[in-house]
Amino acid sequence: MADAAFGQFARANAAPLFRSALLLTTDWHRAEDLVQDTLARMYRIWGGIARIDNPAAYAQTVLARQFLSQRRRRSSGEIPSAALPEALATDADADLRLALLSALRSLRPADRAVVVLRYLADRSVEQVAADLDRSPSSVKVQSMRALAQLRELLGAELTELIQN
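Computed from a predicted model, the values in this text were never measured in an experiment. (Residues numbered from 1 in each chain as written. Predicted model: local features only at pLDDT ≥ 70, side-chain atom pairs only at ≥ 80, totals over all residues. Heavy atoms only, no water.)

Caption draft 1: Highlighting the overall build of the chain. From N to C terminus, the chain includes 7 helices and 0 strands. Mapped from its N terminus to its C terminus, the chain presents α and β elements in the order α-α-α-α-α-α-α. Going through the 164 residues of the chain one by one, you find that 38% of them count as buried. With the model as given, the accessible surface of the chain reaches about 10,200 Å², and the carbon-plus-sulfur share is 54%. (Helix = DSSP H or I, 4+ residues; strand = E, 2+ residues; numbered from the N terminus. Buried < 20%, exposed > 50% of the residue type's maximum accessible area, 1.4 Å probe, protein only. Areas by Shrake-Rupley, 256 points an atom, 1.4 Å probe, with all protein chains shown as cover.)

Caption draft 2: Region of interest: the environment of Val139. Checked against the element boundaries, Val139 lands in helix 7 (residues 136-163). Setting aside anything within four residues of it in sequence, one finds Val139 in contact with Val114, Val125, Val128, Ala129 and Arg134. (Contact = heavy atoms within 4.5 Å.)

Caption draft 3: The packing of helix 1 (residues 2-25) against helix 2 (residues 28-44), seen in detail. Viewed as axis vectors pointing N to C, helix 1 and helix 2 meet at an angle of 145 degrees, and their least axial separation amounts to 8 Å. The hand of the helix 1/helix 2 crossing is right-handed. Between helix 1 and helix 2, the contacting residues are Asp3, Phe6, Phe9, Ala10, Leu17, Phe18, Ala21, Leu22 and Thr25 on the first element and Trp28, Arg30, Ala31, Glu32, Leu34, Val35, Thr38, Leu39, Met42 and Tyr43 on the second. Classifying every residue of the contact of helix 1 with helix 2 by side-chain character gives 14 nonpolar, 2 polar and 3 charged. (Axes fitted to C-alpha atoms, helices over the stretch in contact; angles between N-to-C directions. Left-handed = near helix turned anticlockwise from the far one by under 90°. Nonpolar A, V, L, I, M, F, W, Y, C, P; charged D, E, K, R; others polar.)

Caption draft 4: Broad picture of the side chain of Asp131. Tracing the sequence through the fold places Asp131 in helix 6 (residues 125-131). A polar contact is formed between the side chain of Asp131 and the side chain of Arg123, at a distance of 3.0 Å. With sequence-adjacent residues up to four places away left out, Asp131 is seen in contact with Thr61, Arg65, Leu117 and Arg123. (Polar contact = N/O pair within 3.5 Å; in protein donor to acceptor, adjacent residues only side chain to side chain.)

Caption draft 5: Molecular detail of the packing of aromatic side chains. Tallied over the entire structure, the rule returns 5 aromatic pairs. Ring geometry for Phe6 and Tyr43: centres 5.1 Å apart, planes at 70 degrees, overall edge-to-face. With Phe6 in helix 1 and Tyr43 in helix 2, the pair connects residues that are 37 residues apart, well separated along the chain. Among the residues examined, Phe6 registers a relative accessible area of 11% and is labelled buried. Plain terms: the ring middles of Phe6 and Trp46 are 5.2 Å apart, the flat faces sit at 75 degrees to each other, and that makes the pair edge-to-face. Pair noted here: Phe6 is in helix 1 and Trp46 is in the loop between helix 2 and helix 3 (55-73), with a separation of 40 residues, a long-range link. Each member of the aromatic cluster is reached from another via a ring pair, and the members are Phe6, Phe9, Tyr43 and Trp46. (Phe/Tyr/Trp six-rings, centres within 6.5 Å; stacked < 30°, edge-to-face > 60°.)

Caption draft 6: Examining the side chain of Ser20 more closely. In this structure, Ser20 sits in helix 1. For Ser20, a relative accessible area of 2% puts it in the buried group. Apart from residues lying up to four places away in sequence, Ser20 is in contact with Gln60, Leu63, Val116 and Ala121.

Caption draft 7: Seen up close, helix 1. Where helix 1 bends most, at Asn13, the angle is about 45 degrees, and the proline Pro16 comes one to four residues later. Phi turns positive, to about 60 degrees, at Thr26, one or two residues after helix 1. (Bend = angle between axes of the 7 residues up to and from the residue.)

Written out as structure tokens, the structure is:
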């Protein structure tokens with residue numbers, strides 16, 4: 001019974017978790033691993049899930065904390081490659097998506113977590129502050145700084161992509 005309920009939860013939330021993970025890690029495979037780790041942690045606490053008001057929001061919190069924890073450890077021996085083995089599609093949406101991922105990659109991990117949770121997972125400042133164990137004012141400052149950096153990085157690229 002509990003396994004079936006968790007399976008239903010995992011199927012319903014895997015896509016939103018993956019979207020957030022991809023934006024945090026900017027790497028498809030690491031995003032898959034991050035979602036897998038998040039769901040494994042959620043499964044471990046599933047017996048007490050009734051105490052959590054919003055399990056989907058809690059899963060996003062677990063995902064962000066897991067990402068930051070992994071970034072601090074840096075124990076992974078994997079090294080990302082700049083060259084892809086096959087050619088990418090050249091439609092504007094794909095170019096825009098790649099530009100966004102590249103810009104997100106340039107942010108510090110903590111800033112990236114704030115941007116993804118605040119604007120892409122549509123969480124309030126207070127929720128993000130609670131998720132990341134920061135004050136709301138710290139979240140506001142981080143998001144303003146990160147958004148300014150993204151605007152600077154994406155300004156010319158966005159104009160070029162929109163014109164094409």
